[in-house]
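Structural overview
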Amino acid sequence: MADNARAKRLADLIREVVAEKLYRGIKDPRLGTHVTVTDTRVTGDLREATVFYTVYGDEEARKAAAAGLESAKGVLRSAVGAAAGIKHTPSLTFVADALPENAKTIDKALARARAADEEVRKVSSGASYAGEADPYRKPGEDADEAEDADGTDDIEAADDGGAADSGGDPDGKDVRGKDESA
């Protein structure tokens with residue numbers, strides 16, 4: 001099994017040779033300037049190569065380009081073998097690259113996000129905050145909060161005649177409902 005660096009070098013060579021041969025060597029009108037080789041991958045044993053391509057045009061141009069690449073597969077493999085100079089020339093498989101469709105999908109999603117952001121920006125342009133302008137406490141406010149609404153301090157409100165110490169109620173009943181005065 002070959003190392004990854006050798007497979008990468010061979011994949012780069014295949015991409016360059018196939019692109020050059022498609023541009024200058026093959027006189028098929030279905031190919032030529034309509035086909036762009038985007039990537040090439042070679043298996044670890046250097047026996048098979050996958051060539052990814054895109055086609056400029058509509059669905060009919062893509063189908064014609066796929067047929068043209070299948071018919072030119074032998075010529076392209078011979079050109080790769082001559083340029084590579086290796087014992088076994090890898091077999092070529094052509095796969096239409098999904099990159100343009102993915103890019104269109106991402107562009108549409110970004111456009112929807114921009115429109116939603118603009119809508120939020122329009123709605124919030126005249127809005128104000130839900131709370132106070134300054135929601136944080138100031139150092140002098142703690143003393144004001146210590147007083148109850150009726151004006152008594154917290155210390156006076158906690159003095160219930162010792163009922164809290166006995167575990168009972170100020171009325172003389174136990175928490176469980178028994179009468180302590182008996």
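Here is a short report on the structure shown in this document.

A separate point is the sheet that holds strand β3 (residues 91–96). Across the sheet, which stays open at both edges, the three strands sit in the order β1-β2-β3 with mixed pairing between neighbours. Taken across any chain shown, the strands that pair with only one partner, and hence form the sheet edges, are β1 (35–42) and β3. Between one strand and the next, the sheet's axes are offset by a mean angle of 25°, whatever the strand orientation. In the sheet, strand β2 (residues 48–55) pairs with β3 via six bridges, with the strands oriented parallel. Residue Val51 lies in a different strand from β3, and its bridge partner there is Phe94.

Attention now moves to the nonpolar core. Across soluble globular proteins, nonpolar side chains show a tendency to be buried alongside one another. The biggest cluster of nonpolar side chains holds 25 residues, and the ones touching the most others in it are Ile14, Val18, Leu22 and Leu76. Of all the secondary-structure elements, those providing two or more residues to this core are α1 (4–25), β1, β2, α2 (59–71), α3 (73–84) and β3. Counting residues per element, this core draws most heavily on α1, at seven residues. Leaving out residues up to four positions away in the same chain, Ile14 has contacts with Thr40, Val42, Ala49, Val51, Val80, Pro90 and Leu92.

Next up on the list: the pairing of β1. Note that β1 and β2 share seven bridges and pair antiparallel. Note on β2: the bridge partner recorded for Val35 is Val55. The antiparallel pairing of β1 with β2 creates a hairpin that spans five residues between the two strands, and Leu46 there sits at a positive phi of about 60°.

Look at α1: 30 Å from first C-alpha to last across 22 residues, which is about the 32 Å you get at 1.5 Å a residue. Those residues of α1 lying buried are Ala7, Leu10, Ala11, Ile14, Val17, Val18 and Leu22. Along α1, the residues classed as buried sweep out an arc of 140° about the axis, all on the same side. Residues Lys8, Arg9, Glu16, Tyr23 and Arg24 are exposed on α1 and point more than 90 degrees away from its buried face.

What counts, and at which threshold
- Residues numbered from 1 in each chain as written.
- Predicted model: local features only at pLDDT ≥ 70, side-chain atom pairs only at ≥ 80, totals over all residues.
- Heavy atoms only, no water.
- Pairing = 2+ DSSP bridges.
- Helix = DSSP H or I, 4+ residues; strand = E, 2+ residues; numbered from the N terminus.
- Axes fitted to C-alpha atoms, helices over the stretch in contact; angles between N-to-C directions.
- Core = buried A, V, L, I, M, F, W, Y, C linked by side-chain atoms within 4.5 Å.
- Buried < 20%, exposed > 50% of the residue type's maximum accessible area, 1.4 Å probe, protein only.
- Contact = heavy atoms within 4.5 Å.
- Expected span 1.5 Å × (residues − 1).
- Arc of directions from axis to C-beta.

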